[in-house]
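Residue strings, one per chain:
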Amino acid sequence: MALQASQEELFTHVLNDAALGSSIYINIALAGLSLLFFAFLGRNVEDPRGQLIIVSVMMVSAVSVASYTGLASGLTISILEMPEGHAMAGETTQLAGGAEYEGTISLWGRYLTWALSTPFILLALGLIAGSNVTKIFTAIVFDIGIMITGLAAALTTSAHLMRWFWYAISCTFFLVVVYILLVEWPEDAKAAGTADIFNTLKLLTVILWFGYTIWWALGNEGVAVISSVGVTSWGYSAFDVVAKYGFSFLVINYVINNIDTVSGGTTYGATSDAIPADD
């Protein structure tokens, strides 16, 4: 068996593995088409706050195009040997080209995707809720922490327990974000007059993000109840379609049809009730 797979071998494998390849290439197409569609929908919005919200969710699709391309090219994929105690310890992977390697395929590039795309989701949510800078910053920082520690959990091969310790840290950060979404921002949204759409978006986000978390635990990187890399990848891709592109459409459609509510006046989303003095 060879020691380490090359990017060319991994690229060829993704291209020739029907389940794995389709989960990646279909998302590249969907992200690209969504980006163009959202740009078309928001083309006539002139309000700066409305534009910022639209650009925020458009960036989710833009990041996805780049990051899924990284997966497709083999750049952000590796074959990792799982530590003793993991369900897939001692497993080997045979690539489409015929070479066999010790370990299982890790699509670790997904964590970079989420670390760069989910902050834009939270930025849009915070702006729609009319929240202040401190709350938005807190949500985004802890969100990035979720993804970085999730990446650490996926890449740690020194000890099985250490993988789950990283996972526990990631889940702790996640609960902070959930608290902001379910407790802090709903009150802000009620005051801003955007509670109707915000409540829909918060539930969509929280439910699907819990889905990602549970899917990790069940997939080939966790307890491997779902050991197939292709099936695991498709699960994440299916979540992405709704959590990213479906979410973005709901946001843009709301902004277009409720621009006066989104704009909200000079103190909307300020860090205090004071009105800045004129220059």
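The structure we're discussing is the one just above.
Quick summary incoming for the structure in this document. (Residues numbered from 1 in each chain as written. Predicted model: local features only at pLDDT ≥ 70, side-chain atom pairs only at ≥ 80, totals over all residues. Heavy atoms only, no water.)

### Section: the pattern of salt bridges
Then step 1. Counted according to the given criterion, the structure contains 5 salt bridges.
Then step 2. For the salt bridge of Lys 135 with Glu 184, the shortest nitrogen-to-oxygen distance reads 3.2 Å. With Lys 135 in helix α5 (residues 133-155) and Glu 184 in helix α6 (residues 160-192), this pair connects stretches of sequence that are 49 residues apart.
Then step 3. Classification of Glu 184 by relative accessible area gives partly exposed; the value is 24%.
Then step 4. Residues joined in a network through salt bridges with shared partners are Arg 110, Asp 240 and Lys 244. (Salt bridge = Lys/Arg side-chain N within 4 Å of Asp/Glu carboxyl O. Helix = DSSP H or I, 4+ residues; strand = E, 2+ residues; numbered from the N terminus. Buried < 20%, exposed > 50% of the residue type's maximum accessible area, 1.4 Å probe, protein only.)

### Some details on the nonpolar core
Then step 1. With 54 residues, the main nonpolar core has Ile 53, Leu 122, Leu 125, Trp 185 and Val 251 as its most contacted residues.
Then step 2. For this core, the elements supplying multiple residues, two or more each, are α3 (48-72), α4 (109-129), α5, α6, α7 (195-218) and α8 (229-257).
Then step 3. Ignoring any residue separated from it by four or fewer positions in sequence, one finds Ile 53 in contact with Ala 124, Leu 127, Ile 128, Val 251, Val 255 and Val 262.
Then step 4. Grouped together as the second largest cluster of nonpolar side chains are 17 residues, Val 14, Ile 79, Leu 95 and Leu 107 included. (Core = buried A, V, L, I, M, F, W, Y, C linked by side-chain atoms within 4.5 Å. Contact = heavy atoms within 4.5 Å.)

### Examining a nonpolar patch on the surface
Then step 1. A cluster of nonpolar side chains, Leu 175, Phe 210, Ile 214, Leu 218, Val 223 and Val 225, forms an exposed patch at the surface whose accessible area comes to about 520 Å².
Then step 2. Considering every element that reaches the nonpolar patch, the biggest residue donor is α7, with 3 residues.
Then step 3. Note that Val 223 resides in the loop between α7 and α8.
Then step 4. Overall, the relative accessible area of 41% leaves Val 223 in the partly exposed class. (Patch = residues over 30% accessible without salt bridge, like charges linked within 9 Å, V, L, I, M, F, W, Y side chains within 5 Å. Areas by Shrake-Rupley, 256 points an atom, 1.4 Å probe, with all protein chains shown as cover.)

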